[in-house]
Amino acid sequence: MIVFQYDKTFEGLLTAVFDAYNRRTFPEQLIIEGEPEPLFTADLHKVITDTDKSNRVWAGIQKKVSKTTCNMLMYVWLSEEAGSDMLIFRYIRKTFDSRLSIETNFADDDVLAVKNIAKRVSHERHYLMMFVRFQKAADDIWFAPVAPQCNALPLAIEHFKDRFAQQKWVIYDTKRHYGYYYDLQTVEEITLDNDTHLLSGRLDENLMAKDEKLFQELWQGYFKAMTIKERINPRLQRQHMPRRFWKYLTEKQ
């Protein structure tokens, strides 16, 4: 079995594609650094991530497929699903080896899988844009914790930058322990030294602005007053508003 070991980055994966064509040997399995070798490994190649190599591969992909397909490959990477890296590798190889475009060949299992996974990640991106709820902190920064199923936060950041351009905000992924801070000019990636207190989905009251608690109570009161008990349909609610987002919604506290 031919195995490639890489650093679990997208650039590393593209470098693995470059190395495979350069060596004329293609991996049957990809593993990350520190992961045990498969039992029947005959050839282990350690990929050293190289920006020039990865850029050349990505430029080649852009020449062969549409921008939509390039985005789909990125969505598959961000899905974090088991085997997604090998799926992308196979898709890129089929793209380079075929004289005709494979983008609409949905009889191919890999082409169909890329489409379906990318669709699921796109749905998660839309959920983030719909269900993120900001809480005002004492330093006048608006804060929103999230925990999407896949790593979809980078795909939604431009939306929040445009939508909330007049306020400073932080959106933090408590599942992956990183987030983004917008300072009215630029967006930068951040990490917090201690984020365990964010797992509840709410800021500690000591960190809230003085009027934030009041506005939350007013919103909960409005939501309760507008609810028609006879028309409550929990099943339909869960269909349109996945339960995993409820702890981040003020009206659901």
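Above this text is the structure in question.
In this report, we go over the structure that sits alongside the text. (Residues numbered from 1 in each chain as written. Predicted model: local features only at pLDDT ≥ 70, side-chain atom pairs only at ≥ 80, totals over all residues. Heavy atoms only, no water.)

Details of helix α2 (residues 51-64)
Every α-helix carries 3.6 residues per turn, so stepping three or four residues along brings you back to the same face. Put simply, the rule reads: In this text, helices come from DSSP runs of H or I with a minimum length of four residues, and strands from runs of E with a minimum of two, each type numbered from the N-terminal end. Expected span, for any helix, means 1.5 Å times one less than how many residues it has. Three labels apply to residues, based on accessible area from a 1.4 Å probe with only protein chains included: buried if under 20% of the type maximum, exposed if over 50%, partly exposed otherwise in between. Read the arc as the range of directions from the helix axis to the C-beta atoms. The contact criterion used is simple: two residues touch if any of their non-hydrogen atoms lie within 4.5 Å. In protein, a polar contact requires one atom able to donate a hydrogen and another able to accept it; more generally it is a pair of N or O atoms within 3.5 Å, and residues adjacent in sequence count only if both atoms are side-chain atoms.
End to end, α2 covers 20 Å across 14 residues, agreeing with the expected 20 Å (1.5 Å per residue, within 8%). Along α2, the residues classified as buried are Ser54, Val57, Trp58, Gly60 and Ile61. All buried residues of α2 fall inside an arc of 155° around its axis, so they share one side. In α2, the exposed residues that point more than 90 degrees away from the buried face are Thr51, Asp52, Arg56 and Lys63. Contacts made by the buried residues of α2 are with α1 (10-23), α3 (67-79) and α4 (84-97). Structurally, the start of α2 carries an N-cap: the backbone nitrogen of Asp52 is 2.9 Å from a side-chain oxygen of Asp50.

Considering the sheet that holds strand β3 (residues 43-46)
Using the following cut-off: We treat two strands as partners when DSSP finds at least two bridges between them. Axis geometry follows a simple rule: fit a line to the C-alpha atoms, using only the stretch in contact for helices, then measure angles between N-to-C directions, giving values from 0 to 180 degrees.
Reading across from one edge, β2-β1-β3 is the order of the three strands in this open sheet, with parallel pairing throughout. The sheet is open, and its two edges are formed by β2 (29-32) and β3, each paired on a single side. Neighbour-to-neighbour, the strand axes of this sheet turn through a mean angle of 25°, independent of strand direction.

What about the side chain of Asp110?
The residue Asp110 is located in helix α5 (residues 109-131) in this model. Looking at Asp110, the relative accessible area reads 9%, which means it is buried.

Comments concerning α3
Along its 13 residues, α3 runs 18 Å from first to last C-alpha, staying within 8% of the 18 Å computed at 1.5 Å per residue. As for α3, its buried residues are in contact with β1 (2-6), α1, α2, α4, α5 and α6 (153-163).

Focus: the pairing of strand β6 (residues 169-173)
Spelled out, the test is: Handedness of a crossover is defined as follows: orient the strands so they point away from the viewer, and if the path from the first strand over the helix to the second runs clockwise, the crossover is right-handed.
With respect to burial, β6 is a largely interior element, five of its five residues being buried. Of the two faces of β6, the one carrying Trp169, Ile171 and Asp173 and the one carrying Val170 and Tyr172 are both buried. Here strand β5 (residues 142-146) runs beside β6; their pairing, made up of five bridges, is parallel. Paired with Ala144 across the bridge in β6 is Ile171. For the crossover from β5 across α6 to β6, the handedness is right-handed. Across five bridges, β6 lies against strand β7 (residues 178-182) in antiparallel orientation. The partner of Asp173 across the bridge, within β7, is Tyr178.

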